[in-house]
Amino acid sequence: MAEKHLSTEKAKNLNDWLPITKSRNAKWWYSAFHNITAMVGAGVLGLPYAMSQLGWGPGAVVMVLSWIITLYTLWQMVEMHEMVPGKRFDRYHELGQHAFGEKLGLWLIVPQQLMVEVGINIVYMVTGGKSLKKFHDTICQDCKDIKTTYFIMIFASVHFFLSHLSSFNSIAGVSLAAAAMSLSYSTIGWVASLDKGVQPDVQYTPRASTCTGEIFNFFSALGDVAFAFAGHNVVLEIQATIPSTPEKPSKKPMWKGVIVAYVVVALCYFPVAFIGYWVFGNKVEDNVLISLQKPRWLVAVANMFVVIHVIGSYQVFAMPVFDMLEAFLVLKMKFKPSLILRFITRTLYVALTMFLAMSFPFFGGLLSFFGGFAFAPTTYYLPCIIWLVLYKPKKFSLSWLANWVCIIIGVLLMVLAPIGALRQIILEAKDFKFYS
């Protein structure tokens, strides 16, 4: 009995040190802007490009379906956070372990979650660097050309400082600024497109000239859309920061925040996707801000907003990774929980994501590859499988049918999107020079 008490005491002390569970005094609006920051990423700027690969009809269907399905699976995760009285599933893998068993749950969830979070951090290093370069080139057109690699390094330097904020709640300010920026640059994206007006030579025919190209582009665009709807990997971790009592469970304030976040998502995504495609047709770039050459100052401001947003977003996705790394080092590697351990772990992680971003900056292809391969499972159908395992709804009941529809759509996404994306990466990599 004493041993059990000791291990509970040890677990509590570790939880008080780890960044996810360190402080549990978040308000419902923390959940709103953490979710907005996690969801409305740089992926929103690629949506007009995805629309140009999908076409009007399929594009609108894919966008609306994604919005509905991901809201439904997010609701499931919020509900399951405290489904066992007196216990909270503070991390995605803890919920997975409850559903599939200690070992299998861990192996099913952790690799996928890490792939998403580390993948996003690498893509955001690329985005941050490219947006900084675009900002520099827009305001200083006669300046000497500077390599994207250097801009990625400048962007990373911010994270060598910010990564040492101890817990999820301590990055609330950064996250709030990021959420405000995402709304701002999305608005600039569609308002400036509207102002530019439909281009004289606009065409809505498929981008590719061959039938094979069309099919691959379609698959790749599915991944881009999946990437844009991917906040689920941090949702339980965000909920873990909200206080909870039997009378006032954390799901109520969390759900309030999620609703606000999803309204903002709709206000950002749909106008950018539809207006961007309507104005530029199949000539739209994979980042709609690049298609907008004028007014110069506005394009520069929008790119700076993207940089600030991506700084916050990187931190929101890095926090669960730090949590996993620090827990692993303390529990498995028997390190003492200390500031030095935290400092070294986080600094090395930022350095690694910077190095990978500098080595492989194929922005468009990376988006849809990660979108399909890793986001589809954790966002579109894993919550449904866990729900079916734990709640066992009656066969052919509404809940049972809804979950199976989501699972089928999610699996299709996971299989098809990376196929299109790999082809795109291969095409882009043909004339790529390292560290250019």
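This write-up is about the structure you can find in this document. Predicted model, so just to flag it, every value in this text is computed and none were measured.

1. A short note on the overall build of the protein chain
- In terms of helices and strands, the protein chain carries 16 helices and 0 strands.
- A compact globule built from 436 residues would reach a C-alpha radius of gyration of about 22 Å, and the protein chain, at 22 Å, matches this within 12%.
- Dimensions of the protein chain, computed from C-alpha atoms along their principal axes, come out at roughly 75 × 55 × 40 Å.
- Taken across its 436 residues, the protein chain has 55% of its residues classed as buried.
- As presented, the protein chain carries roughly 19000 Å² of accessible surface, and 72% of it is formed by carbon and sulfur atoms.

2. Observations concerning a positive patch on the surface
- A grouping of Lys 10, Lys 332, Lys 334 and Lys 336 is seen on the molecular surface, where their side chains present a positively charged patch.
- Structurally, the position occupied by Lys 10 is in helix 1 (residues 2-17).

3. Regarding the environment of Tyr 277
- Here Tyr 277 shows up in helix 11 (residues 251-280).
- Given a relative accessible area of 0%, Tyr 277 falls into the buried group.
- The spatial distance from the C-alpha of Tyr 277 to the C-alpha of Gln 203 is 9.7 Å, given a sequence separation of 74 residues.
- Ignoring sequence-local partners within four residues, the contact set of Tyr 277 consists of Pro 48, Met 51, Ser 52, Gly 55, Trp 56, Tyr 204, Val 272 and Asn 282.
- At a separation of 3.3 Å, a polar atom in the side chain of Tyr 277 contacts the main-chain carbonyl oxygen of Tyr 204.

4. Here we look at the state of the cysteines
- For the coordinates displayed, the defined rule picks out 1 disulfide.
- Between the sulfur of Cys 140 and that of Cys 143 lies a disulfide, 1.4 Å long from S to S. On the sign convention where negative means left-handed, the S-S torsion of about 50° between Cys 140 and Cys 143 marks this disulfide as right-handed.
- Note on Cys 140: relative accessible area 24%, which makes it partly exposed.
- The thiol of Cys 406 is unpaired, and the distance to the nearest cysteine sulfur, on Cys 384, comes to 4.2 Å.

5. A word on the packing of aromatic side chains
- A full pass over the atoms with the stated rule returns 13 aromatic pairs.
- With a centroid separation of 6.1 Å and an interplanar angle of 25°, the aromatic rings of Tyr 72 and Trp 75 are classed as stacked. Pair noted here: Tyr 72 and Trp 75 are both in helix 4 (residues 56-80), with a separation of 3 residues, about one helical turn.
- By relative accessible area, Tyr 72 is classed as partly exposed at 22%.

6. Observations concerning helix 13 (residues 296-331)
- For helix 13, spanning 36 residues, the distance from its first C-alpha to its last is 53 Å, which sits close to the expected 52 Å at 1.5 Å a residue.
- Roughly 30° is the biggest bend found in helix 13, and it falls at Ala 318, with proline Pro 320 one to four residues downstream.
- In terms of burial, helix 13 is a largely internal element, 27 of the 36 residues being buried.

7. What about the side chain of Ser 313?
- Counting through the fold element by element, Ser 313 comes out in helix 13.
- From its side chain, Ser 313 meets the backbone oxygen of Thr 37 in a polar contact 2.6 Å long.
- Ignoring any residue separated from it by four or fewer positions in sequence, one finds Ser 313 in contact with Thr 37, Ala 38, Tyr 124 and Ala 178.

8. Description of unusual backbone geometry
- Despite not being glycine, Lys 334 shows a phi value in the positive range, around 60°.
- On the secondary structure map, Lys 334 appears in the loop between helix 13 and helix 14 (339-359).
- Located in the positive-phi region is Lys 392, a residue other than glycine, with phi close to 45°.
- Its location among the elements puts Lys 392 in the loop between helix 15 (363-391) and helix 16 (398-430).
- Residue Lys 392 is classed as exposed on the basis of its relative accessible area, which comes to 63%.

Rules of the game
Residues numbered from 1 in each chain as written. Predicted model: local features only at pLDDT ≥ 70, side-chain atom pairs only at ≥ 80, totals over all residues. Heavy atoms only, no water. Helix = DSSP H or I, 4+ residues; strand = E, 2+ residues; numbered from the N terminus. Rg over C-alpha atoms; globule rule 2.2 N^0.38 Å. Buried < 20%, exposed > 50% of the residue type's maximum accessible area, 1.4 Å probe, protein only. Areas by Shrake-Rupley, 256 points an atom, 1.4 Å probe, with all protein chains shown as cover. Patch = residues over 30% accessible without salt bridge, like charges linked within 9 Å, V, L, I, M, F, W, Y side chains within 5 Å. Salt bridge = Lys/Arg side-chain N within 4 Å of Asp/Glu carboxyl O. Lys, Arg positive; Asp, Glu negative; His and termini not counted. Charge placed at Lys NZ, Arg CZ, Asp CG, Glu CD. Contact = heavy atoms within 4.5 Å. Polar contact = N/O pair within 3.5 Å; in protein donor to acceptor, adjacent residues only side chain to side chain. Disulfide = S-S within 2.5 Å. Phe/Tyr/Trp six-rings, centres within 6.5 Å; stacked < 30°, edge-to-face > 60°. Expected span 1.5 Å × (residues − 1). Bend = angle between axes of the 7 residues up to and from the residue.

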